[in-house]
Structure formats: C-alpha cells, structure tokens
Amino acid sequence: MDLYYLGIYNQEASYALGTAEEDRHSLGAREFGEWERWDWNGEEILQVGSFGSQSILAWTASLDSGYTFDTDLQPRLGVKADVTSGDTDPKGGTQGTFDALYFKSGYFNDASLLRPQNIIDVHPNASLALTKTISVDGGGDVFWRYSKNDAVYGVPGFIAIPALENASSYVGTAADLNFTWQIQRHLSLQASYVHFFSGSYVHQAGGSDVNYFSTTVTFLF
C-alpha cells in the first residue's frame with residue numbers, strides 16, 4: 001500500500017465553472033498486489049481546498065485487476081474502471097471537478113484523447129504472450145460524463161468539449177489494440193491502434209470519430 005499527499009497552488013486554474021485562483025490538496029491511497037494468478041491495482045484520492053470563493057470537494061477511485069491463465073500464451077482477462085468526479089452544481093458553492101495531477105499520458109489508451117476528469121469509464125481487456133518477447137493486448141473502453149453540468153477535458157487540462165446539459169452523458173467508446181516486442185534487454189518496439197467511436201454528445205459539439213495509429217521504439221540504458 002502507498003499513502004501520499006500532493007499540494008498545488010495555481011493562480012489561474014480553469015474548469016467549466018470558470019477560471020480562478022486555486023489551492024488544492026490531494027490525499028491518496030494505492031493498494032496493489034498479486035495472489036496466485038490474480039493481480040490488482042486500486043487507487044483512491046480525496047481533494048479539498050479552495051477555488052476562488054468556492055471550496056473544493058472532489059474525488060476519484062480506480063481499479064485495474066485481472067486473472068492470468070496458466071496455459072499456452074498466458075492469456076489474461078482483466079478490467080479497468082475509473083470514476084473521477086465532476087462539478088454537479090456550478091452555483092452550489094463547491095467546486096467538484098477532480099484535478100488529475102501528474103497522471104501518465106496515455107492513461108486510457110495511447111491516443112490520449114481524454115483527461116481523467118468528470119469521467120466514468122469501464123475498460124474490459126485481454127492480453128496474450130505470443131512468445132517470451134512478443135505480446136498483444138486490447139479491449140474496449142466505454143466513457144460517460146460523471147456530471148452533465150461539467151465538461152470533457154483534454155490531456156493538457158483545457159476544455160475539449162463544453163458542458164452541454166441537454167446532451168447525453170455517453171461520450172464514446174475507444175477500441176484499442178497494442179503490440180509489444182522486447183527486441184532485447186534495452187530495446188523494445190510498440191505499435192498501437194485506437195478507434196474512438198464518438199457518441200451523440202461529441203457529435204452535438206461538432207466532433208466526430210477518431211482513428212489513431214502509432215509506433216514507438218524505446219531504448220533503455
């Protein structure tokens with residue numbers, strides 16, 4: 001288990017609610033481990049502080065777990081799930097949008113289209129070890145807005161799609177497929193494909209489906 005605290009001060013923090021001076025404190029816990037052929041990684045964060053004249057009360061909870069079968073190709077079936085709070089009442093006196101501080105790029109998939117703020121997602125996935133050095137994995141990630149009164153945010157933190165109260169909470173579904181080859185101890189190759197099936201909320205804001213493909217060579221020394 002990990003326990004941690006993160007504090008941040010931002011003179012111009014921006015959310016769907018507006019832009020203001022922010023003083024935010026994050027209290028977090030992470031639990032991870034393995035038992036027999038099960039694995040799990042869970043995390044919870046509570047955020048408090050002030051945003052302009054409003055108080056902050058935001059939170060997140062996530063789980064990444066799976067089971068690896070003791071057979072050829074070592075198939076693993078897993079599920080990832082996240083809930084990150086959004087602001088439910090812009091006039092309520094409390095800023096409820098979770099701020100995803102220092103999260104890893106490609107948190108949901110390599111396309112990095114969404115920031116984990118005001119988002120609920122469920123991502124069933126599977127992986128195979130084709131050889132000792134080559135593996136493939138993929139799945140389908142379904143996204144909803146936590147609050148219709150809040151926006152969908154881009155990875156850098158800007159508002160990607162504004163809050164549309166009369167639109168659906170459903171954002172879209174991302175299908176991903178990833179290939180990894182550990183060429184040798186220091187060198188690896190990864191190829192990824194993501195197709196984002198946009199929902200009516202995205203279409204109403206003028207967006208459309210997205211195709212993403214990348215290849216990455218990594219050298220560690």
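It should be noted that the structure appears before, not after, this text.
Every value quoted in this text rests on a predicted model; they were computed, and no experiment measured them.

1. As for a nonpolar patch on the surface
A cluster of nonpolar side chains, namely Tyr-5, Leu-27, Leu-46, Val-48, Leu-57, Trp-59 and Tyr-146, defines an oily patch on the protein surface of about 630 Å² accessible area. Looking at the nonpolar patch, the elements that each hand over two or more residues are strand 3 (38–51) and strand 4 (54–68). Among the secondary structure elements, Leu-57 is positioned in strand 4.

2. Some words on empty space enclosed by the protein
The full count for this structure, using the stated rule, is 1 cavity of 30 Å³ or more. By volume, the largest cavity is sized at about 70 Å³. A class-by-class count of the residues in the lining of the largest cavity yields 8 nonpolar, 3 polar and no charged.

3. A closer look at the environment of Val-83
Here Val-83 is to be found in strand 5 (residues 76–84). Once the C-alpha coordinates of Val-83 and Ile-120 are considered, the two residues, 37 residues apart in sequence, prove to be 4.5 Å apart. Discounting chain neighbours no more than four positions away, the residues touching Val-83 are Trp-59, Thr-60, Ala-61, Ile-119, Ile-120 and Tyr-146.

4. A few points about the packing of aromatic side chains
Taken as a whole and assessed by the stated rule, the structure comprises 10 aromatic pairs. A ring pair is formed by Tyr-67 and Phe-69, whose centres lie 5.0 Å apart and whose planes are at 80 degrees; its orientation type is edge-to-face. For Tyr-67, a relative accessible area of 26% puts it in the partly exposed group. With a centroid separation of 5.9 Å and 25 degrees between ring planes, the pair formed by Phe-219 and Phe-221 is classed as stacked. Taken individually, Phe-219 and Phe-221 each receive the classification exposed, so the pair is uniform in this respect. Members of the aromatic cluster, connected to one another through ring pairs, are Phe-103, Tyr-107, Phe-108, Phe-143 and Phe-196. When the ring centre of Phe-32 is taken as origin, the NZ or CZ atom of Arg-30, which lies over that ring, is 3.9 Å away. Cation over ring: Arg-145 sits above Tyr-201, and NZ or CZ is 3.8 Å from the ring centre.

Conventions and cut-offs
Chains are numbered independently. Their residues run from 1 in the order of the written sequence. Two thresholds apply to this predicted model, a pLDDT of at least 70 for residue-level local features and 80 or more for giving and counting side-chain atom pairs, whereas whole-chain, interface and lining totals are computed over all residues. Think of the side-chain values as coming from all heavy atoms in the structure, minus any hydrogens and water. Patch definition: residues with relative accessible area over 30% and no salt bridge; like charges joined within 9 Å; nonpolar side chains (Val, Leu, Ile, Met, Phe, Trp, Tyr) joined within 5 Å. In short, Shrake-Rupley with a 1.4 Å probe defines the accessible areas, and a residue's cover is counted only from the protein chains shown. Each reported salt bridge corresponds to a side-chain nitrogen of Lys or Arg within 4 Å of a carboxyl oxygen of Asp or Glu. Comment: elements are numbered from the N terminus, with helices defined as DSSP H or I runs of at least four residues and strands as E runs of at least two. Cavity and pocket criteria rest on a 1 Å grid covering protein atoms alone: a 1.4 Å probe that fits but cannot get out defines a cavity, protein on both sides within 12 Å along at least 5 of 7 lines defines an open pocket, and an atom within 4 Å of a point defines a lining residue. Grid points are joined across faces, edges and corners, and a volume is the space filled by probe spheres set on the points. When residues are sorted by character, Ala, Val, Leu, Ile, Met, Phe, Trp, Tyr, Cys and Pro go into the nonpolar class, Asp, Glu, Lys and Arg into the charged class, and all the rest, Gly among them, into the polar class. The contact criterion used throughout is that any non-hydrogen atoms of two residues lie within 4.5 Å. Here a Phe, Tyr or Trp ring, Trp counted by its six-membered ring, pairs with any other such ring whose centre lies within 6.5 Å, and the pair is stacked when the planes are under 30 degrees apart, edge-to-face when over 60, and tilted otherwise. Any residue under 20% of the maximum accessible area for its type is buried, any over 50% is exposed, and the rest in between are partly exposed; the area is computed with a 1.4 Å probe on protein chains only. Think of it as a cone above the ring: NZ of Lys or CZ of Arg counts as a charge over the ring if it is within 6 Å of the ring centre and within 35 degrees of the ring normal.

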